[in-house]
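Single-letter residue listing:
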Amino acid sequence: MKTLSTFALSAALAVAACSGSSPSEAAPGDTAALDASGAQPAAPLADAPFTVEEVASFDEPWAMTFLPGGKQALVTEKAGKLKLWRADGPILDVAGAPAVAYGGQGGFGDVILAPDFAATGTVYLSWVEAGGSDTFGAVVGRAKLVQGAAPRLEGLDIIWKQDPKVPGRGHFSHRLAFSPDGQYLFIASGERQKFDPAQDMTKNLGKLIRLKPDGSVPADNPFAEKGGVTAQIWSLGHRNLLGLAFDGTGKLWQQEMGPRGGDEVNLVERGGNYGYPVVSNGDHYDGKDIPDHPTRPEFNAPKLWWNPSISPAGLAWYGGTLYPGWQNSLLMGALSGEGLIRMAIDGEALHKSDRWDFGERIREVEVNEDGSVWLLTDGKDGRLVKLVPKDG
């Protein structure tokens, strides 16, 4: 397991304890030791530069996306319901949502708007479906959202599936993101707790997928000439990818759960191999060692990693000014870490800038049009909350 010297780690923890409660960005020099380690202590929520305002409650919410204007949002509930939250009215059920295979980590997944949503009303959704012989896999579909007093989805059409479907109900990932130019849809496809598929180019498990909005394969994908599911692959060697975000310069970042320890945030490169399960800064759950990333420099190494695990979920780029010092940051929820993590972007580097202890699992992070940050907490009593900047 990759470690720092006792002195360096102690110094890093001391710096983090101070910087974690400050609303300003930590200087790169201040976080160098911390960034190179798996450590990041959490600051009390009372010290954060915001207060937490509860807005609504949901049953196992998993993802959300704001509609234009910022006064409405679509929220997926894991068991299969699609909800329309409205700032000025009651929450409505959206009819026409797909039937999902609910259980374990499976069920309803992500929801995002098409780049041309204002003109077409098209939304993209991910969920888990059952196959034969007790197998399961994630799928992605698109439909038209018809708004009004009785909102509904029309013309739901599946455009992508995990291949192959396999037994088990873990590591579906199925996060979605459009490129800033609106030309490409990126799909996170987990390795389904099967390890080896992450390196198997004949399967689209453990990969980041890049498609056109209609589900077809772009001719310039790195492995397009190989055809089949291999042609879909943009990057490989991933485990359980639960967050995708483009920053203000168009770089794509993703975070994923490592095994026991080794949660990581990566800068995605075309055709890049991120090493799982050959390398990881964590270990197998049975205690067996996995070689650390530095032992195999031919694989893409994470920009940041955490050990003990924080179980990342949800990732958003922040480019606003409501929260001093946050401009050009990544914001990431933590499940087992029960909080919110901020990372300052420095070109192609990241710095561990803030971590706040919410005392509850954070499933999703979204930024509204006005620059405000909103979170979904996890579980049966999940809440939609808004982070309200403190005065001064």
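Basis of the calculations
- Residues numbered from 1 in each chain as written.
- Predicted model: local features only at pLDDT ≥ 70, side-chain atom pairs only at ≥ 80, totals over all residues.
- Heavy atoms only, no water.
- Helix = DSSP H or I, 4+ residues; strand = E, 2+ residues; numbered from the N terminus.
- Rg over C-alpha atoms; globule rule 2.2 N^0.38 Å.
- Buried < 20%, exposed > 50% of the residue type's maximum accessible area, 1.4 Å probe, protein only.
- Contact = heavy atoms within 4.5 Å.
- Areas by Shrake-Rupley, 256 points an atom, 1.4 Å probe, with all protein chains shown as cover.
- Lys, Arg positive; Asp, Glu negative; His and termini not counted.
- Charge placed at Lys NZ, Arg CZ, Asp CG, Glu CD.
- Pairing = 2+ DSSP bridges.
- Axes fitted to C-alpha atoms, helices over the stretch in contact; angles between N-to-C directions.
- Phe/Tyr/Trp six-rings, centres within 6.5 Å; stacked < 30°, edge-to-face > 60°.
- Core = buried A, V, L, I, M, F, W, Y, C linked by side-chain atoms within 4.5 Å.
- pLDDT = per-residue confidence, 0-100.
- Polar contact = N/O pair within 3.5 Å; in protein donor to acceptor, adjacent residues only side chain to side chain.

Peer 1: Honestly, the overall build of the chain in this entry has me stumped. Any pointers?
Peer 2: Check the secondary structure of the chain and you find 3 helices and 25 strands. Taking 2.2 N^0.38 as the reference for a compact globule, 392 residues should give roughly 21 Å; the C-alpha atoms of the chain span a radius of gyration of 20 Å, in line with that estimate. With respect to the three principal axes, the spread of C-alpha positions in the chain is 60 × 50 × 35 Å. Per-residue burial for the chain yields a buried fraction of 57% across its 392 residues. Taking as baseline every contact in the chain between residues at least 6 positions apart, the subset at least 24 positions apart corresponds to 58%. As displayed, the chain offers around 14800 Å² of accessible surface, 51% of which is attributable to carbon and sulfur atoms. Computing the positive centroid from 36 side-chain charges and the negative centroid from 48, the chain places the two 5 Å apart.

Peer 1: Got a minute to help me understand the pairing of strand S11 (residues 173–178) in this structure?
Peer 2: Each regular strand shows side chains that alternate between the opposite faces of the sheet. The buried count for S11 comes to 6 of 6 residues, which makes it a mostly enclosed element. Here S11 shows no split at all, with Ser173, Arg175 and Ala177 on one side and His174, Leu176 and Phe178 on the other all buried. In the sheet, S11 pairs with strand S12 (residues 185–189) via 4 bridges, with the strands oriented antiparallel. Looking at S12, one finds that Leu176 is bridged to Ile187. Turn length for the S11-S12 hairpin, with the two strands adjacent in sequence and antiparallel, is 6 residues, and the turn residue Gly182 shows positive phi of about 75 degrees.

Peer 1: Looking at this structure, I do not really get the sheet that holds strand S15 (residues 240–246). What am I missing?
Peer 2: Within a sheet, each strand pairs with its neighbour through backbone hydrogen bonds, oriented either parallel or antiparallel. In spatial order, the strands read S15-S16-S17-S18; together these 4 strands make up an open sheet with antiparallel pairing. Looking at strand neighbours, the two that pair on one side only are S15 and strand S18 (304–306), the edges of this open sheet. Taking the axes of each pair of neighbouring strands and ignoring which way they run, one obtains an average angle of 15 degrees across the sheet.

Peer 1: What am I meant to see in the pairing of strand S3 (residues 61–66) here?
Peer 2: Most of S3 sits inside the fold, with 6 of its 6 residues counted as buried. In this sheet, strand S4 (residues 72–77) lies alongside S3 in antiparallel orientation, the contact comprising 5 bridges. Looking across to S4, one finds that Ala63 is bridged to Thr76. In this antiparallel pair of consecutive strands, S3 and S4, the connection spans 5 residues, and Gly69 shows a positive phi of 100 degrees.

Peer 1: What is the right way to read the sheet that holds strand S9 (residues 136–146) from this model?
Peer 2: With respect to topology, 4 strands assemble into an open sheet ordered S7-S8-S9-S10, the strand pairing being antiparallel. Single-partner strands in this sheet number two, and they are strand S7 (108–113) and strand S10 (152–161). Averaged over neighbouring strand pairs, the angle between their axes works out to 25 degrees when direction is ignored. Here 9 bridges tie strand S8 (residues 122–130) to S9, and the two strands are oriented antiparallel to one another. Within S9, the residue paired with Val128 across the bridge is Ala138.

Peer 1: What's the story with unusual backbone geometry in this structure? I'm lost.
Peer 2: The general pattern is negative phi for most residues beyond glycine and trans for most peptide bonds. In this structure, the amide linkage connecting Asp163 to the following residue, Pro164, adopts the cis form with an omega of 10 degrees. Geometrically, the link from Asn307 to Pro308 is a cis peptide bond, its omega value of 10 degrees lying close to zero. One can find Pro308 in the loop between S18 and strand S19 (312–318). Unusually for a residue other than glycine, Glu60 sits at a positive phi of about 50 degrees. Inspection of the secondary structure puts Glu60 in the loop between strand S2 (50–58) and S3.

Peer 1: Can you help me understand the packing of aromatic side chains in this one?
Peer 2: Aromatic ring pairs: the centre-centre distance and the angle between the two ring planes describe each pair. Applying the stated rule across the entire model yields 13 aromatic pairs. Centre to centre, the rings of Phe186 and Phe246 are 5.6 Å apart; their planes meet at 65 degrees, and the pair counts as edge-to-face. Taken as a pair, Phe186 in strand S12 and Phe246 in strand S15 lie far apart in primary sequence, 60 residues in all. An aromatic cluster of three or more residues is present, and its members are Phe50, Tyr318, Tyr323, Trp326, Trp356 and Phe358.

Peer 1: What should I look at first to understand the nonpolar core in this one?
Peer 2: One broad trend across soluble globular proteins is that nonpolar side chains are buried collectively. Judged by nonpolar contacts, the single largest core of 24 residues is most densely connected at Leu74, Val123, Leu125, Leu145 and Leu153. Elements represented by at least two residues in this core include exactly S3, strand S5 (82–86), S7, S8 and S9.

Peer 1: Which parts of the structure should I look at to understand the confidence of the model for the chain?
Peer 2: Interpretation of this model should avoid reading the predicted coordinates in detail wherever pLDDT is low. In this model, the chain carries a mean pLDDT of 93, and residues with pLDDT of at least 70 account for 92%. Confidence drops under pLDDT 50 across residues 1–27; counting only partners more than four residues distant or on other chains, this segment forms 52 contacts.

Peer 1: Honestly, the environment of Gly155 in this entry has me stumped. Any pointers?
Peer 2: Here Gly155 shows up in strand S10. Residue classification places Gly155 among the exposed positions, given a relative accessible area of 64%. Those residues in contact with Gly155 that lie beyond four places of it in its chain are Arg142 and Ala143.

Peer 1: I'm lost on the side chain of Ser235 in this one. Help?
Peer 2: Among the structural elements, Ser235 can be located in strand S14 (residues 233–236). Reaching out from Ser235, the side chain makes a polar contact with the side chain of His238 at a distance of 2.8 Å.

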